[in-house]
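# What the coordinates show
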Amino acid sequence: MAIQWFPGHMHLTKKAIQERIKEIDVVIELLDARLPGSSANPMLAELTGAKPALKVLNKQDLADPARTALWLAHYNSLPGTRAIGLDASMTTPAKALIEACHALAPTRGSMVKPMRVLICGIPNVGKSTLINTLTGKRVTKTGDEAGVTKLEQRIVLADGFYLWDTPGMLWPRIIVAKSGYNLAASGAIGRNAFEEEEVALELLDYLIKAYPGLLQARYKVEVPPGITDEELLENIGRKRGAVLTKGRINLQKAAEIVIYEFRAATTGRITLETPEEYAQWLAAGQKLDAERQVKKDKIETNRLIKFKKIPRPAKPEET
């Protein structure tokens, strides 16, 4: 799936993080609890280096609680990392962020040595809502769309505790194909960057295997073994009245229904990946990416030879 998702303000965010990270004590990365692996920015790890990291699984009230527990255990097993689950609209759990940051950087947090925290995340993951909850007032603009925050902001959360908010940032090139679909389904990518029908089919393909009972309960359709995502999308469209002339199904309308109801959790509390699944997808993506790079390098070498930019390699001597 081709997704154009790296607008100019994301380049500026990358530069801002590169400059700010030099004086940061803890990096908070807000993740979508429904897709923790796919919503973790691989470019952020490169930018922040070995800084202590707090992984916050936001929107946990929309996610499968059993799978959230698996992801929290996974991240808490990593060195220099803590992880907590959170619903950004809840005041008391949000305050756990400050305690978790102090645990990661116990020598910081006084007026002499203030705690300096950078909060990052993909678009529409709930950063602005969380910060407004933490401060008890509307400090940042919120909205159910990607890319609402456009400027870096410095916020004083408590005496000796400073938080820098950054715009939501995606990465320029995806190597895990499944992540692209999951991000699109979650709302992290603007709707003009993908085809709803394609994303809905990929979503249904996963839900048929992982949550067939939820599909049956929500859409009042049968989900027998062997049903395809195309068949299920048509059945959902027919059940919801997305029917055109001569009984044809409006697949665009049906796709919009499936995506919207996943995002709103009216389909149920769903998580689109486990740590093991994501590790397999990542390994496969990295292997495919390496193979593509070898082919690219070969094409470029042949081009340079053709235009005599580099000499043709000598053939091995015959024995």
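Our subject is the structure that appears above.
The paragraphs below set out a description of the structure included in this document. (Residues numbered from 1 in each chain as written. Predicted model: local features only at pLDDT ≥ 70, side-chain atom pairs only at ≥ 80, totals over all residues. Heavy atoms only, no water.)

## As for the side chain of Lys 55
For clarity, the cut-off: Numbering of helices and strands runs from the N terminus, with a helix taken as a DSSP run of H or I at least four residues long and a strand as a DSSP run of E at least two residues long. Only protein chains enter the accessibility calculation, which uses a 1.4 Å probe; a residue is then buried when its area is under 20% of its type maximum, exposed when over 50%, and partly exposed in between. Side-chain atoms alone can form a polar contact between residues adjacent in sequence; in general such a contact is a pair of N or O atoms within 3.5 Å, and within protein one must be able to donate a hydrogen while the other accepts it. What makes two residues a contact is simply this: any of their non-hydrogen atoms within 4.5 Å.
If you trace the backbone, Lys 55 turns up in strand S2 (residues 53–58). What makes Lys 55 buried here is its relative accessible area of 16%. Reaching out from Lys 55, the side chain makes a polar contact with the side chain of Glu 29 at a distance of 2.8 Å. Residues within four places of Lys 55 in sequence aside, it is in contact with Glu 29, Leu 31, Tyr 75, Thr 81, Arg 82, Ala 83 and Ile 84.

## Let's talk about the packing of aromatic side chains
This is how it is decided: Ring pairs are drawn from Phe, Tyr and Trp, using the six-membered ring of Trp, whenever the two centres fall within 6.5 Å, and their geometry is named by plane angle: stacked under 30 degrees, edge-to-face over 60, tilted for the rest. Our definition puts a charge over a ring when NZ of Lys or CZ of Arg is within 6 Å of the ring centre and also within 35 degrees of the ring normal.
Summed over the entire model, instances satisfying the criterion amount to 2 aromatic pairs. Across the ring face of Tyr 162, the terminal group of Arg 154 is positioned such that the distance to the ring centre comes to 4.3 Å.

## Concerning the packing of helix H10 (residues 229–239) against helix H11 (residues 251–263)
Note the cut-off: Lines are fitted to the C-alpha atoms to define the axes, a helix being fitted only along its stretch in contact, and any angle between axes, read from their N-to-C directions, falls within 0 to 180 degrees. Roughly parallel means an angle under 35 degrees; roughly antiparallel, over 145; roughly perpendicular, 65 to 115; everything else is oblique. Ten residue types, Ala, Val, Leu, Ile, Met, Phe, Trp, Tyr, Cys and Pro, are classed as nonpolar, four, Asp, Glu, Lys and Arg, as charged, and the remainder, Gly among them, as polar.
The geometry of H10 relative to H11 is characterised by a closest axis approach of 9 Å and an angle of 90 degrees between their N-to-C directions. Regarding the angle of H10 to H11, the classification is roughly perpendicular. In this structure, H10 uses Leu 233, Glu 234, Ile 236 and Gly 237 to contact H11, whose residues at the interface are Leu 251, Ala 254, Ala 255 and Val 258. Within the contact of H10 with H11, the residues separate by chemical class into 6 nonpolar, 1 polar and 1 charged.

## Regarding the pattern of salt bridges
We count it as follows: A carboxyl oxygen of Asp or Glu within 4 Å of a side-chain nitrogen of Lys or Arg is what we treat as a salt bridge.
Under the definition given, this model contains 15 salt bridges. Among the salt bridges present, the one from Arg 240 reaches Glu 261, with a minimum N-O distance of 2.7 Å. With Arg 240 in the loop between H10 and H11 and Glu 261 in helix H11, the pair connects residues that are 21 residues apart, well separated along the chain. Three or more residues are tied together by salt bridges with common partners; here these are Asp 25, Arg 108 and Arg 116.

## Observations concerning the sheet that holds strand S6 (residues 161–165)
What links the strands of a sheet is backbone hydrogen bonding, and the strands pair in either a parallel or an antiparallel sense. Our working rule: Two strands make a pair as long as DSSP finds a minimum of two bridges between them.
The sheet built from 6 strands is open, its strands ordered S3-S2-S1-S4-S6-S5 with mixed pairing. If you trace the sheet from one side to the other, it starts and ends with strand S3 (81–85) and strand S5 (153–158), each paired once. Neighbour-to-neighbour, the strand axes of the sheet open up by a mean angle of 25 degrees, direction not taken into account. Across 5 bridges, S2 lies against S3 in parallel orientation.

In short, shape yes, function no, at least from these values alone.
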